[in-house]
Amino acid sequence: AEFPSRLSFNLAAQSDVNITDIRLCYTVDRASFAQVTSEVYIEFAPDTTVDVSWALEMVKIGGLPPGSSVDYWWVVEDASGGRIETAPSRVQFDDNRHSWHSLTEGEVTIYWYKGNDSFAREIMLSAQQALARLAEDTGAELEKPVKLYIYASAQDLRGAMIYPQEWTGGVAFTRYGIIAIGIASDNLDWGKRAIAHELTHLVIHQMTLNPYNDLPTWLDEGLAMHTEGALELGYTAYLNEAIAEGSLISVRSLSSPFSAYTEQSL
Ligand SMILES: [Zn+2]
């Protein structure tokens, strides 16, 4: 694996007669309602001994988060009509550019590569507190394990993404149960809030996953900000200003999928 750009698959096969057809089948492990299997026809010159490889280019699929998994198997046919399908294997797409440590408590595993054990324990404590707060306030709890990847800076985090946004500080890959976040040691307070925020997105996604629609963005974001703790001063100022001006946005317009209030919704 060359994280984050590509995941390579290799096969060496041998037969008494020419091998004529090789296909790679794979499926990405993520929450969905229809299991999608991709099938790739490998181009090669027919021979009795073949050595083939194929790479899943992440630019084509928008990238996969660190720690995500892909199940794959091969289907090989030869000129005499022989056909072999290998048993599925699972490969984990790890960000092997860093040496990760891990710490697990309940459904949460924290991975980090910079900072000592107490740095990780402090993050774990605040993650568990955020989950407890969310459970108490809304009854929502984690149903499946989540992985939390702590990068040492926002810059490192962006280096782990195929299409990073300038403002990316933390990302919840809700379908994968994975959070990636950049937390420098002097930025721990922000990091704890961001983790509470992104964890809420994961819990909400696990609880509300259905084939028909998503929770409205304002509610998803509102709950995530609620779990962070007290509203930050900057937001309080915006809110007070909006109340004073009478420019609060109605729930009806917030619920519109075409909400034009990017500037106002922050
Ligand atoms: Zn959010």
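Residues numbered from 1 in each chain as written. Predicted model: local features only at pLDDT ≥ 70, side-chain atom pairs only at ≥ 80, totals over all residues. Heavy atoms only, no water.

The name given to the chain in an unreviewed UniProt entry is Peptidase MA-like domain-containing protein, with the source organism recorded as marine sediment metagenome.

**Q** How do you make sense of the coordination of the zinc ion when you look at a structure like this?
**A** Four donors placed tetrahedrally about a metal ideally form angles of 109.5 degrees, and six donors placed octahedrally ideally form angles of 90 or 180 degrees. In this structure, His197 (NE2), His201 (NE2), Glu221 (OE) and Glu221 (OE) serve as the protein donors to the zinc ion, at separations of 2.1 to 2.5 Å. Donor residues for the zinc ion sit on one chain with the sequence pattern H-x3-H-x19-E. Of this pair, histidine 201 sits in helix α4 (residues 188-208) while glutamate 221 sits in helix α5 (residues 217-228); the two residues are 20 residues apart in sequence, bridging distant segments of the chain. By relative accessible area, which is 32% here, glutamate 221 ends up partly exposed. (Donors = N, O, S within 2.8 Å, 3.2 Å for Na, K, Ca; no water. Helix = DSSP H or I, 4+ residues; strand = E, 2+ residues; numbered from the N terminus. Buried < 20%, exposed > 50% of the residue type's maximum accessible area, 1.4 Å probe, protein only.)

**Q** I keep staring at the sheet that holds strand β10 (residues 170-173) and nothing clicks. Help me out?
**A** With mixed pairing, the five strands of this open sheet are ordered in space as β7-β8-β9-β11-β10. Two strands in the sheet have a free side with no partner beyond their single neighbour: β7 (101-105) and β10. Across the sheet, the axes of successive neighbouring strands diverge by a mean angle of 15°, strand direction being ignored. In this sheet, strand β8 (residues 108-112) lies alongside β7 in antiparallel orientation, the contact comprising five bridges. Residue pairing in the sheet places serine 102 in a bridge with tyrosine 111 of β8. α4 rests against β9 (146-151), β10 and β11 (178-182) of the sheet, and its axis sits at about 165° to β11. (Pairing = 2+ DSSP bridges. Axes fitted to C-alpha atoms, helices over the stretch in contact; angles between N-to-C directions. Contact = heavy atoms within 4.5 Å.)

**Q** Can you help me understand the environment of serine 153 in this one?
**A** With respect to the helices and strands, the residue serine 153 is situated in the loop between β9 and α3 (154-158). Sequence separation between serine 153 and asparagine 187 is 34 residues; the distance between their C-alpha atoms is 9.0 Å. Ignoring anything within four residues of it in the chain, the contact list for serine 153 reads Gly182 and Ile183.

**Q** What is the right way to read the nonpolar core from this model?
**A** Burial of nonpolar side chains together is a common tendency in soluble globular proteins. Grouped together as the largest cluster of nonpolar side chains are 35 residues, with contacts concentrated most on Ile22, Trp74 and Tyr151. The set of elements that each furnish at least two residues to this core consists of β1 (6-28), β3 (47-57), β4 (68-78), β9, β10 and β11. With nine residues, β1 is the single largest residue contributor to this core. Each of domain 1 (6-92) and domain 2 (101-229) contributes no fewer than three residues to this core. Listed in part, the 25 residues of the second largest apolar core include Leu131, Leu134, Ala172 and Leu199. (Core = buried A, V, L, I, M, F, W, Y, C linked by side-chain atoms within 4.5 Å. Domains from an automatic or database assignment.)

**Q** Help me understand the packing of aromatic side chains, please; the structure alone is not making it clear to me.
**A** Aromatic ring pairs: the centre-centre distance and the angle between the two ring planes describe each pair. A complete count under the given rule lists nine aromatic pairs for this structure. Here the aromatic rings of tyrosine 113 and tyrosine 151 are separated by 5.9 Å at their centres, their planes lie at 75°, and the arrangement is edge-to-face. Here tyrosine 113, found in the loop between β8 and α2 (117-138), pairs with tyrosine 151, found in strand β9; they are 38 residues apart in sequence, far enough to count as distant. Grouping residues by exposure puts tyrosine 113 and tyrosine 151 together as buried. (Phe/Tyr/Trp six-rings, centres within 6.5 Å; stacked < 30°, edge-to-face > 60°.)

**Q** Is there a simple way to explain the side chain of arginine 23 in this structure?
**A** In this structure, arginine 23 sits in strand β1. Within the structure, the side chain of arginine 23 is placed 3.2 Å from the side chain of aspartate 21, a separation counted as a polar contact. Ignoring anything within four residues of it in the chain, the contact list for arginine 23 reads Glu39, Val40, Tyr41, Trp73, Trp74, Val75 and Glu77. (Polar contact = N/O pair within 3.5 Å; in protein donor to acceptor, adjacent residues only side chain to side chain.)

**Q** Where do I start with α5 in this structure?
**A** Every α-helix carries 3.6 residues per turn, so stepping three or four residues along brings you back to the same face. Look at α5: 17 Å from first C-alpha to last across 12 residues, which is about the 16 Å you get at 1.5 Å a residue. What α5 keeps buried is the set Ala224, Thr227 and Glu228. All buried residues of α5 fall inside an arc of 115° around its axis, so they share one side. Looking at the packing, one finds that the buried side of α5 touches α2 and α4. Positive phi appears at glycine 229, one or two residues downstream of α5, with a value of about 120°. (Expected span 1.5 Å × (residues − 1). Arc of directions from axis to C-beta.)

**Q** Mind showing me how you'd approach the environment of phenylalanine 9 here?
**A** One can find phenylalanine 9 in strand β1. On the basis of relative accessible area, phenylalanine 9 is assigned to the buried category, the value being 3%. As for phenylalanine 9 and tryptophan 54, which are separated by 45 residues in sequence, their C-alpha atoms are 5.3 Å apart.

**Q** Would you explain the pattern of salt bridges in this entry?
**A** Side chains bearing opposite charge may pair, as long as their charged atoms lie close to each other. Applying the stated criterion across every chain yields a total of 12 salt bridges. A salt bridge links arginine 23 to glutamate 39; the shortest N-O distance between them is 3.4 Å. On the criterion of sequence distance, the pair formed by arginine 23 in strand β1 and glutamate 39 in strand β2 (residues 38-41) is long-range, its members being 16 residues apart. Between arginine 23 and glutamate 77 there is a salt bridge; the shortest N-O distance is 3.0 Å. Highlighted residues: arginine 23 in strand β1 and glutamate 77 in strand β4, separated in sequence by 54 residues. Here arginine 23 falls in the buried class, since its relative accessible area comes to 12%. (Salt bridge = Lys/Arg side-chain N within 4 Å of Asp/Glu carboxyl O.)

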